[in-house]
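Overview (structure and organization)
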Amino acid sequence: MAGISRRDFVKLLGAGGAASALGLNAGCETVPKSSKAAPRVVVVGGGFGGATCAKYLRIYDPTLNVTMIEQNANYVTCPGSNWVLGGVRTLTDITQNYDALRSKHGVNVVQDRVTSIDATRRVVSLASGKTVEYDRLVMSPGIDFRWNAVEGYDEAASELIPHAWKAGPQTVLLQKQLHAMPDGGTFILCPPPMPFRCPPGPPERASMVAHYFKAHKPRSKILILDAKEGFSKQGLFMDAWNELYPGMIEFVPASKGGKVSRVDTKTNTVYTDEGLTTHKGDVINFIPAQRAGEIASKSGLANEAGWCPVNQHTFESTQVPNIHVIGDSAVAGALPKSGHSANNIAKMTAAAIVSLFRGVKPPLPSHVNTCYSLVSPEYGISVAAVYRLDEKGVLKGINEAGGLSPKDAPRLQRVQEANYAQGWYKGITQDTFG
Ligand SMILES: Cc1cc2nc3c(=O)[nH]c(=O)nc-3n(C[C@H](O)[C@H](O)[C@H](O)COP(=O)(O)OP(=O)(O)OC[C@H]3O[C@@H](n4cnc5c(N)ncnc54)[C@H](O)[C@@H]3O)c2cc1C
């Protein structure tokens, strides 16, 4: 397939809003073929950022040679993983595959782990010993953890006290522990400091665990010991907790003794107040501080803070040319680290790469983020915002565009938002992997 039809072009405008600036002319039926060999784009990571970018590169320009390298055969989405803990979904429900990327979109999907990048020779090396050459590289390796930032919590500790902040075996481990917990037990949830992936994720997790406890272990308690002063959609979550789970969830901010300074896996205890106060949990979920995915840091793409600075127009690294960093790893101005943002950024980056290959100016991005949270299967809340580049080239939220679910909304609206949350999941996974 070398061309793109007018009907598909119109679809693209709806999907990514970017095609108009790719050098495509709405009056043309086809994109002119390049006389040179097809440019090669390698995408590292098959999550929301990587899979979307690989797919849309091929949609925007079907002549491109696109290879996506992902270490796992399938992808378990973090969105929906809290619902698994609540018993609302299974792990199978939130497991995606790459069949459509391969067969429908012509992406060369390689299951392997990237071990190093030679940015001078433009070569990616894989754990299997193979190498792949690129003209442009897209990195979307997600996050990794700052092990030992809190005493006693390293990778080995996460096998006993799970973080469950990468979905898959960690989600299953936490779920097993919650199922084995006695009624009347205490679940301690320790959210990380900013910046981290999915700011509304911890309170949604508390909600979904409360939903499970209400049905199966109603005398149990949830203690949130937070490294921060507050959390996303706090007023809405707390109103809902009072209504649905009265007395079950206690939130302790950093200034009131919520900041954990030590974790002891032997006694299932966390220490706060500089070690003066101890909290013993029946189940503990400690979510460590985060940084860009290891391969990004190893490749010289991360700054001192551990994240990857980029030109926020094209998402090309400001540290290494010809490499674009997208998704959670990137410093993306005011955009939160979310699957929705990663999907948006991926489409705009695909458009920028096609433009750069064609020697035309990349389209100016306009990004949207929407984040739904389930407080129960029939109670949803959301936040949405629109972001554009300011005069300094930084992505900023646009005032009055977007907003929060209203406080004191009628119950029907909460039910509708819970349905929209499920619809959002279907839509975003179809757009990314379908
Ligand atoms: C509990 C929870 C709930 C969430 N809920 C939502 C939600 O409701 N809505 C929302 O928008 N976002 C949500 N998120 C956030 C969302 O999951 C992330 O923001 C999103 O996954 C980021 O996409 P990414 O492509 O940057 O990284 P990822 O999706 O993590 O993908 C990175 C991929 O790169 C691969 N990889 C890494 N290193 C290598 C390597 N060296 N070689 C090969 N492959 C590699 C990994 O295996 C992985 O598949 C949630 C997160 C959590 C933890």
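All values reported here derive from a predicted model rather than from experimental measurement.

Considerations on the overall build of the protein
Per the secondary structure count, the protein includes 10 helices and 24 strands. The C-alpha radius of gyration of the protein comes to 22 Å, within 12% of the 22 Å expected for a compact globule of 434 residues. Sorting the 434 residues of the protein into buried and exposed places 55% on the buried side. Partitioning the contacts of the protein with sequence separation of at least 6, the portion at a separation of at least 24 is 65%. Counting only carbon and sulfur atoms, one obtains 51% of the accessible surface of the protein, whose full area is about 18400 Å².

Details of the packing of aromatic side chains
Taken as a whole, this structure holds 14 aromatic pairs when the rule is applied. Look at Trp-147 and Tyr-153: their rings are 6.1 Å apart centre to centre, the planes differ by 35°, and that puts the pair in the tilted class. Classification of Trp-147 as partly exposed rests on a relative accessible area of 25%. Centre to centre, the rings of Phe-231 and Phe-251 are 4.9 Å apart; their planes meet at 75°, and the pair counts as edge-to-face. Remark: Phe-251 occurs in strand β13 (residues 249-252) and Phe-231 occurs in the loop between β12 (221-225) and α7 (234-244); sequence separation between them is 20 residues. Phe-231 gets classed as buried once you look at its relative accessible area, which sits at 12%. In this structure Phe-251 comes out as buried when scored by relative accessible area, which is 15%. Of the aromatic side chains, those joined through ring pairs into one cluster are Phe-48, Tyr-75, Tyr-98 and Phe-433. Lying across the ring of Tyr-271, Arg-262 places its NZ or CZ 4.3 Å from the centre. For Lys-337, the ring lying beneath its charged end belongs to Trp-307, and the centroid distance is 4.1 Å.

Brief notes about the pairing of strand β11 (residues 186-190)
Among the 5 residues that make up β11, 4 are buried, leaving the element largely enclosed by the rest of the structure. Here β11 pairs with β12 via 4 bridges, running parallel. Among the inter-strand pairings, Thr-186 is bridged to a residue of β12, identified as Lys-221. In this structure, β11 lies alongside strand β17 (residues 283-286), joined through 4 bridges in parallel fashion. Within β17, the position partnered with Leu-189 by the bridge is Asn-285.

Observations concerning the domain arrangement of the protein
Here the domain parsing of the protein yields domain 1 (6-144 + 291-364) and domain 2 (147-288). If you look at the interface, domain 1 gives 18 residues, while domain 2 gives 20 residues. Note on domain 1 versus domain 2: buried area summed over both sides is about 1700 Å², and carbon and sulfur give 63% of it. Put simply, the parts of the chain that give the side of domain 1 that touches domain 2 at least two residues each are α3 (81-85) and β10 (143-145). Top element by residues in the side of domain 1 that touches domain 2 is α3. It accounts for 5 residues. For the side of domain 1 that touches domain 2, the class distribution of residues is 10 nonpolar, 5 polar and 3 charged.

Parameters at a glance
Residues numbered from 1 in each chain as written. Predicted model: local features only at pLDDT ≥ 70, side-chain atom pairs only at ≥ 80, totals over all residues. Heavy atoms only, no water. Helix = DSSP H or I, 4+ residues; strand = E, 2+ residues; numbered from the N terminus. Rg over C-alpha atoms; globule rule 2.2 N^0.38 Å. Buried < 20%, exposed > 50% of the residue type's maximum accessible area, 1.4 Å probe, protein only. Contact = heavy atoms within 4.5 Å. Areas by Shrake-Rupley, 256 points an atom, 1.4 Å probe, with all protein chains shown as cover. Phe/Tyr/Trp six-rings, centres within 6.5 Å; stacked < 30°, edge-to-face > 60°. Lys NZ or Arg CZ within 6 Å of the ring centre and 35° of its normal. Pairing = 2+ DSSP bridges. Domains from an automatic or database assignment. Buried area = accessible area lost by both parts, 1.4 Å probe. Nonpolar A, V, L, I, M, F, W, Y, C, P; charged D, E, K, R; others polar.

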